[in-house]
Protein chains: 2
Amino acid sequence: MAKDCTLCQQSGGELLWQNDFCRVVLVDDKQLAGMCRVIAQQHIKEMSDLNPAQQIAMMQVVFAVEKVMREVLRCDKINLASLGNKTPHLHWHIMPRYHDDAHFPESIWATPQRPMKALDSALLQSFTAQLQQHLNQIA
Amino acid sequence: MAKDCTLCQQSGGELLWQNDFCRVVLVDDKQLAGMCRVIAQQHIKEMSDLNPAQQIAMMQVVFAVEKVMREVLRCDKINLASLGNKTPHLHWHIMPRYHDDAHFPESIWATPQRPMKALDSALLQSFTAQLQQHLNQIA
């Protein structure tokens, strides 16, 4: 645990699922509706700080989120990223992208090109429920 | 093969290594010195279009690039991303980041904050040579 690390001190979003190794949170930002993070529980910096089995375990969770996101949110594209320049505590962003979302086709870190796209709250609820069910089955 | 897909028609950078499943290229952009891409040979869109064994095979190559990049280029952070909004042909960006690079701590897709950081050409050559050697050992 690092005292000055946001992801050691806070969940990083609405906690959907966790085990000893990582947690899945829904990002609390209406601009990025449906976006999730998979966050290492331990304060490590890079994927190469994990051993091969741990790397696979983490990516299995990332790809599980992608799978359910794609099926339920019916987005046009999935974006995956692990940057951590500001918060060097290993975490993955899993982002549902739509042709008419604020930034498409640029990354969500680029200047917005149009107003945000809201997600129906019932759809979002269905997504998180199905994601939790799927994660309980696989990990 | 898709006729209108850049990554089906072109290598996507200087080819460093390949097998039947994916290739590793060095991005030909002085602004992003050392940046590599791992590109699926097949025209598929998302990681969830691969089966679990293929997902692991692709990530093993991504993490191999990360490992050698970190060791040889001694960067401050590694950034990994699979976006594909403009080119929906599965590919990973593996980016060496430095505290004094043009965009740090923002993503490389954000507005530059300072002049680019050049990498020593001998160092870059050492990196690509060690990367090729490592990839030949593991995959």
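Cut-offs and rules
Residues numbered from 1 in each chain as written. Chains lettered and ligands numbered in written order. Predicted model: local features only at pLDDT ≥ 70, side-chain atom pairs only at ≥ 80, totals over all residues. Heavy atoms only, no water. Helix = DSSP H or I, 4+ residues; strand = E, 2+ residues; numbered from the N terminus. Rg over C-alpha atoms; globule rule 2.2 N^0.38 Å. Contact = heavy atoms within 4.5 Å. Areas by Shrake-Rupley, 256 points an atom, 1.4 Å probe, with all protein chains shown as cover. Lys, Arg positive; Asp, Glu negative; His and termini not counted. Charge placed at Lys NZ, Arg CZ, Asp CG, Glu CD. Least-squares fit on C-alpha atoms with pLDDT ≥ 70 in both. Buried area = accessible area lost by both parts, 1.4 Å probe. Salt bridge = Lys/Arg side-chain N within 4 Å of Asp/Glu carboxyl O. Polar contact = N/O pair within 3.5 Å; in protein donor to acceptor, adjacent residues only side chain to side chain. Nonpolar A, V, L, I, M, F, W, Y, C, P; charged D, E, K, R; others polar. Pairing = 2+ DSSP bridges. Expected span 1.5 Å × (residues − 1). Buried < 20%, exposed > 50% of the residue type's maximum accessible area, 1.4 Å probe, protein only. Arc of directions from axis to C-beta. Axes fitted to C-alpha atoms, helices over the stretch in contact; angles between N-to-C directions. Phe/Tyr/Trp six-rings, centres within 6.5 Å; stacked < 30°, edge-to-face > 60°. Lys NZ or Arg CZ within 6 Å of the ring centre and 35° of its normal.

Asker: Would you take a moment to explain the overall build of chain A for this structure?
Answerer: Helix and strand content of chain A: 3 helices and 5 strands. Listing the helices and strands of chain A from first to last along the sequence gives α-β-β-β-α-β-β-α. Here the C-alpha radius of gyration of chain A, 15 Å, is about what a compact globule of 139 residues would show, namely 14 Å. For chain A, the share of sequence-separated contacts (at least 6 apart) that also reach a separation of at least 24 residues comes to 49%. If you sum the accessible surface of chain A, you get close to 6,600 Å²; carbon and sulfur atoms cover 47% of it. Charged side chains in chain A number 13 positive and 14 negative. The centres of these two groups are separated by 1 Å.

Asker: Teacher, can you tell me more about the relation of the copies chain A and chain B here?
Answerer: Turning one copy of the chain about an axis and sliding it along that axis gives the other copy, so a rotation and a shift relate them. Laying chain A over chain B is done by rotating through 180° and shifting 0.0 Å along the axis; what remains is an RMSD of 0.0 Å. On the angle and the small slide along the axis, the relation comes out as a two-fold axis. Judged by C-alpha distance, alanine 81 of chain A is the residue of chain A that lies nearest the rotation axis, at 2.0 Å. Same-surface contact between copies: 100% of interface residues of chain A are shared with the interface of chain B.

Asker: Hey, could you run me through the interface of chain A and chain B in this one?
Answerer: Often, the extent of an interface is quoted as the loss of accessible area upon association of its parts. With 31 residues of chain A at the interface, the matching set in chain B holds 31 residues. For the pair chain A and chain B, the two sides together bury roughly 2,900 Å², of which 52% comes from carbon and sulfur. On the chain A side of the interface with chain B, the three residues burying the most area are Phe63, Lys77 and Asn85 of chain A, jointly 21% of the side's total. Scanning the region where chain A abuts chain B turns up 6 salt bridges. The shortest N-O distance in the salt bridge between aspartate 49 of chain B and arginine 70 of chain A comes to 2.9 Å. At the boundary of chain A with chain B, the tally comes to 28 residue pairs in polar contact (both at pLDDT 80 or more). Put simply, the parts of the chain that give the side of chain A that touches chain B at least two residues each are α2 (52–73), β4 (77–82) and β5 (91–97) of chain A. When grouped by side-chain class, the residues that make up the side of chain A that touches chain B number 14 nonpolar, 7 polar and 10 charged. Two elements, β4 of chain A and strand β4 (residues 77–82) of chain B, share 3 bridges in a ladder whose sense is antiparallel. Paired with serine 82 of chain A across the two strands is leucine 80 of chain B, which belongs to β4 of chain B.

Asker: Looking at this structure, I do not really get helix α3 (residues 121–138) of chain B. What am I missing?
Answerer: Residue pairs spaced three or four apart in an α-helix point in one direction, given the helix's 3.6 residues per turn. Residue and element names in this part refer to chain B. Here α3 contains 18 residues, and its C-alpha end-to-end distance of 26 Å stays within 8% of the 26 Å for a straight helix at 1.5 Å per residue. Those residues of α3 that fall on the buried side of the exposure criterion are Phe127, Thr128, Leu131, His134 and Leu135. Axial view of α3: buried residues confined to an arc of 135°, hence all on one face. Pointing more than 90 degrees away from the buried face of α3 are the exposed residues Gln125, Gln133, Asn136 and Gln137. The elements touched by buried residues of α3 are β1 (14–18), β2 (22–26), β3 (36–40) and α2 (52–73).

Asker: Is there a simple way to think about the sheet that holds strand β1 (residues 14–18) of chain A in this case?
Answerer: Paired through their backbone hydrogen bonds, the strands of a sheet run either parallel or antiparallel. Read across the sheet, 10 strands follow the order β1(A)-β2(A)-β3(A)-β5(A)-β4(A)-β4(B)-β5(B)-β3(B)-β2(B)-β1(B) without closing on themselves; strand pairing throughout is antiparallel. Two strands close off the open sheet at either side, each with one partner strand: β1 of chain A together with β1 of chain B. In this sheet, adjacent strand axes meet at a mean angle of 20° when their direction is disregarded. Looking at chain direction, β4 of chain A and β5 of chain A are connected through 5 bridges and run antiparallel. Looking at the pairing, leucine 80 of chain A lines up with isoleucine 94 of chain A of β5 of chain A. Packed onto the sheet, α2 of chain A meets β1, β2 (22–26), β3 (36–40), β4 and β5 of chain A and runs at close to 15° relative to β5 of chain A. Contacts between helix α3 (residues 121–138) of chain A and the sheet are confined to β1, β2 and β3 of chain A, with β1 of chain A contributing the most and set at about 20° to the helix.

Asker: What am I meant to see in the environment of proline 88 of chain A here?
Answerer: Along the chain, proline 88 of chain A falls in the loop between β4 and β5. Here the alpha-carbon distance between proline 88 of chain A and threonine 6 of chain A, two residues 82 residues apart in the chain, equals 9.6 Å. With near-sequence residues (within four places) excluded, proline 88 of chain A lies in contact with His43, Ile44 and Lys45 of chain A together with Lys77 of chain B.

Asker: Any chance you could explain the packing of aromatic side chains here in plain terms?
Answerer: Working definition: an aromatic ring pair is given by the centre-to-centre distance plus the angle between the planes. In total, this model carries 1 aromatic pair over all chains according to the counting rule given. Aromatic side chains tryptophan 92 of chain A and tryptophan 92 of chain B sit 5.7 Å apart centroid to centroid with 90° between the ring planes, which places their arrangement in the edge-to-face category. Placement of tryptophan 92 of chain A in strand β5 and of tryptophan 92 of chain B in strand β5 (residues 91–97) is noted, with the two residues assigned to different chains. You'll find tryptophan 92 of chain A and tryptophan 92 of chain B in the same group, each marked buried. Geometry around tyrosine 98 of chain A places lysine 117 of chain A over its ring, the cationic atom sitting 4.8 Å from the centre.

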